[in-house]
Amino acid sequence: MTALSMASGSTALKAGVDAESRTITVSIDTEPPQLDGSMTADSISAFVLGHVMEGLLRKDENNQLVAGVADRWDITESGATFWIRKDAFWSDGKPVTAHDFVFAWRKVVDPASASEYANIMSPILNADKINSGKIPVATLGVQAVGDRELRVQFVKPVPYFDQLMAFNIFYPIREDFFNSTNGRYASSADTLLYNGPFKMTKWVHGAHIRMEKNPLYWDRDIVEVSAIDIPYFTTDPSARINLFRDRQIALTPIAQENLEEAQLLGWNIKSFVDGTVYYIEFNHRDGRITKNRNFRKALQYALNSKIEVNKVIKIPGYRPGKSLFPIWLDGANDKLRKEYPAIEFIHDQAKAREYLEAAKKELGLKTIPPIMLLSGDSPLSNKVAEYYQDTLKRQLGLEVRIDSQIFKQRLAKMLAGDFDIVMTGWGPDYADPLTFGDLFMAGNVNNRGNYSSAAYDRQVRIAQNSTDPVIRAAAFGMLQQIIFDDAVILPEYERAQLYTVDPKITGVVRRVIGADPDFTYVKFAEE
Amino acid sequence: MLSYTLKRLIQGLITVWFIATATFLAMHAVPGDPLSGAKAMTPEIRQNLEEKYGLDKPMSEQYLIYMGNLARGDLGISFTQKNREVNDIIREHFPVSATLGIMAVVFAGLGGTLFGALTALYRNKWPDTVIMIVVILGISVPSFVFAAFAQLAMVKINGAIGFSLLPVAGWGSVSHIIMPALVLGLGTMAYLTRLMRSSMLEIISSDYIRTANAKGLPPTRIFLKHEMRNAVMPVVTVLGPAIAAITTGSFVVELVFAIPGLGRYFVQAVQQLDYTVIMGTTVFFGAFLVLMVILVDLLYGFIDPRVRVS
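Being a predicted model, the structure only gives us computed values, none of them experimental.

**Quick word on the overall build of chain A**
What chain A contains, in helices and strands, is 17 helices and 20 strands. A compact globule built from 527 residues would reach a C-alpha radius of gyration of about 24 Å, and chain A, at 25 Å, matches this within 12%. When its C-alpha atoms are laid out on the principal axes, chain A stretches across 75 × 60 × 45 Å. Restricting to contacts in chain A with at least 6 residues of sequence separation, those with at least 24 account for 66%.

**Some points on the interface of chain A and chain B**
The partner chain B presents 45 residues to the 49 residues of chain A that form the contact. Looking at the side of chain A that touches chain B, the elements that each hand over two or more residues are α1 (2-8), β11 (227-233), α7 (237-245) and α14 (407-416) of chain A. When residues of the side of chain A that touches chain B are assigned to their parent elements, the largest contribution, 6 residues, is made by α1 of chain A.

**Structural notes on the nonpolar core**
Counting 151 residues, the largest nonpolar core has Ile24 and Trp105 of chain A as the members making the most contacts within it. No other element matches helix α4 (residues 86-121) of chain B, which puts 12 residues into this core. Beyond its immediate stretch of four places on either side in the chain, Ile24 of chain A contacts Gly16, Val17, Val225, Ile228, Ala250, Ile505, Phe519 and Val522 of chain A. Judged by nonpolar contacts, the second largest core, of 60 residues, contains Leu373, Tyr388, Leu439 and Phe440 of chain A.

**Some thoughts on helix α8 (residues 207-215) of chain B**
Among the 9 residues of α8 of chain B, 0 are classified as buried, and the element is accordingly described as predominantly exposed. One or two steps after α8 of chain B, the chain reaches Gly216 of chain B, where phi turns positive at roughly 90°.

**A look at the sheet that holds strand β1 (residues 17-18) of chain A**
Residues and elements named next belong to chain A. The mixed open sheet is built from 5 strands, whose spatial order is β1-β2-β11-β10-β9. Across the chains shown, the open sheet's two edge strands, defined by having one partner strand only, are β1 and β9 (198-204). Direction of pairing for β9 relative to strand β10 (residues 208-213): antiparallel, over a ladder of 6 bridges. When the bridges of β10 are listed, Trp203 appears paired with Ile209.

Each value, and the rule that gives it
- Residues numbered from 1 in each chain as written.
- Chains lettered and ligands numbered in written order.
- Predicted model: local features only at pLDDT ≥ 70, side-chain atom pairs only at ≥ 80, totals over all residues.
- Helix = DSSP H or I, 4+ residues; strand = E, 2+ residues; numbered from the N terminus.
- Rg over C-alpha atoms; globule rule 2.2 N^0.38 Å.
- Contact = placed C-beta atoms within 7 Å.
- Core = buried A, V, L, I, M, F, W, Y, C linked by C-beta atoms within 7 Å.
- Buried ≥ 20, exposed ≤ 12 C-beta atoms within 10 Å, placed from the backbone.
- Pairing = 2+ DSSP bridges.

By themselves, these are just geometric observations and shouldn't be taken as functional.
Shown next, in the form of structure tokens:
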């Protein structure tokens with residue numbers, strides 16, 4: 001039985017919600033790939049880290065930015081200053097200081113760490129030069145003034161800098177502790193130091209994580225949960241549904257194939273728009289038919305995202321794509337999409353054909369050769385790809401060849417420009433429209449279709465360089481218009497996740513960015 | 001005997017080297033990029049990562065470095081589980097798969113022998129029909145269907161009786177093993193039942209059984225001493241490779257029952273092009289299989305002196 005004890009300690013038969021011991025049990029998809037906050041931005045690691053660590057700022061139960069390790073801050077066009085609160089402690093009892101942030105941020109940009117997300121530090125003075133190995137790490141524009149004041153210098157104004165402060169790349173790491181782990185930092189529960197609402201007390205790789213309330217956390221009074229237990233690591237949708245039915249876990253996502261069952265069981269099904277936007281990206285490279293604007297317009301008028309979502313995808317909560325900018329993004333005074341509504345237009349087969357004829361004339365072609373549609377290999381991708389193939393054949397007489405690839409191969413083909421149109425999507429890095437807006441700027445490494453337009457780039461630069469919310473929102477409005485006029489991409493849908501929560505708890509917070517789901521604010525219903 | 005063992009071991013080493021080389025070449029030939037994620041990186045970040053993982057060096061040099069490390073028993077660090085050594089992944093997760101696998105093999109071996117013998121003894125009577133229906137199901141229905149079905153059945157049973165008779169998923173106690181082991185072993189059990197049945201039928205009609213009957217030996221003695229003992233030989237032969245196949249983990253069963261075994265890592269590594277984990281698990285599985293085959297060959301020599309090579 002040694003293998004049993006090695007693997008898990010024990011998964012005792014407990015309830016998903018144990019109000020008596022104030023414990024909740026949940027499942028996660030896989031082992032967190034990396035719990036060194038400076039090195040990762042994947043969602044599983046962000047889920048764990050968001051519970052056990054805290055940055056200068058944090059997101060509260062209403063997804064608003066509030067004070068975290070810093071109790072006061074001042075952000076200007078040239079830089080930022082943060083004042084560290086007195087009662088912020090590490091889980092070993094020592095205070096969190098400004099030096100811990102300086103050490104962590106330098107580590108992110110140090111080329112030797114090879115952090116994949118080093119470029120998110122670009123707005124900080126010298127970050128890019130350090131990361132390409134040109135100058136030493138000590139020149140990074142961040143200084144500790146004593147233990148309690150952190151000063152940051154910018155290369156240019158960063159209108160969304162406060163949003164970044166809640167992101168795990170910007171979490172603190174204490175230098176002496178890091179050095180004491182001999183290169184094994186964050187590889188086990190005891191080689192990590194915690195400063196968040198919880199601390200990890202158990203981490204059996206691939207099998208079991210346990211987080212217990214951190215008695216030294218400065219805002220400990222808001223935390224009612226005494227432990228979050230995670231003994232199940234699986235991506236199998238039915239397994240999670242069965243665990244929930246057996247009352248072993250407190251929350252389960254509901255996949256499309258389980259929806260009917262969940263409805264029959266009378267569960268309170270909730271939907272959460274997770275912030276990701278999916279769209280069809282065209283290949284704008286020379287020699288591709290999709291470089292022709294009239295051709296793209298023809299597809300824009302033929303393909304209807306409402307039909308795609310309501311008749312093909314049929315998952316409640318999914319929203320038909322109307323814009324590159326999803327509904328949850330803030331504008332100047334209200335939601336961006338309220339201030340600058342998505343462009344409404346009527347899908348029209350006749351107009352689509354007109355555009356197609358114009359494209360044929362411009363291209364000097366009698367018939368359009370087969371179009372390569374690059375897609376993923378999930379059942380949903382296959383269904384949607386077939387809908388496109390069928391619609392374009394019927395409405396425009398176009399031949400579409402579906403190139404269905406597994407994730408890594410699809411990425412390789414996208415990067416190489418080996419497609420005419422590709423079904424893809426984007427999840428935000430930070431809560432600002434710019435994380436979507438700069439995608440199609442010339443030279444952006446994620447601009448897989450190589451779209452290039454001086455007018456587009458000009459608006460992106462306005463949004464990047466201005467700190468005036470009104471001017472920025474107007475720039476995003478312009479980008480939205482250009483994307484429609486030029487048919488840069490065709491929005492497909494905004495993804496939603498269906499889930500249900502054990503009625504014995506309330507206060508589970510779903511987040512577009514950061515720890516999702518967040519159990520910090522969970523309250524136990526009175527019996 | 002010693003020189004034979006030595007010879008087989010050297011052959012085994014060459015086989016493992018061949019597996020490692022072939023996997024290395026095949027892995028690098030697969031399109032796709034181990035470092036790529038949903039979001040592209042700047043060239044500077046990419047270069048830093050390539051240096052970290054040694055991917056900036058020519059392929060021949062990468063191969064030599066890998067083989068050198070392999071000879072020292074160092075399988076490197078995972079590309080996706082960024083703070084874990086492949087050695088640790090195997091050390092922590094193989095015992096889980098092996099525990100589950102051994103239980104499944106025990107179940108399959110015992111069940112297969114017993115049911116096979118029963119069907120032969122009651123040929124064309126109701127026990128034969130019932131067991132053979134189960135056997136045909138076991139062979140033709142894939143394990144993920146059984147896994148989902150067994151799990152759902154457990155949910156219903158637990159719900160009906162009001163407490164957890166057996167856990168629905170998870171790992172950590174003996175009760176966690178029972179259901180996945182049954183599901184995992186079912187296919188092998190069905191196969192062994194059929195094997196045992198035909199072997200038993202052959203023996204029942206042989207001359208020495210007729211003689212034993214004529215001598216007036218009690219039926220249980222004939223069954224245990226003469227029939228079972230001889231009929232079980234083909235089952236033992238198949239059991240060797242079956243152990244190697246089952247104990248190295250099952251992706252589906254581990255996924256459905258949330259079991260932290262090695263099978264999941266193996267499949268996920270291939271999907272994610274996690275070079276070091278692909279190499280580590282393949283070489284490990286290869287070496288394990290080679291070792292099992294050598295062991296079985298040596299065992300034959302002990303069981304049946306005619307097989308022994310002097």
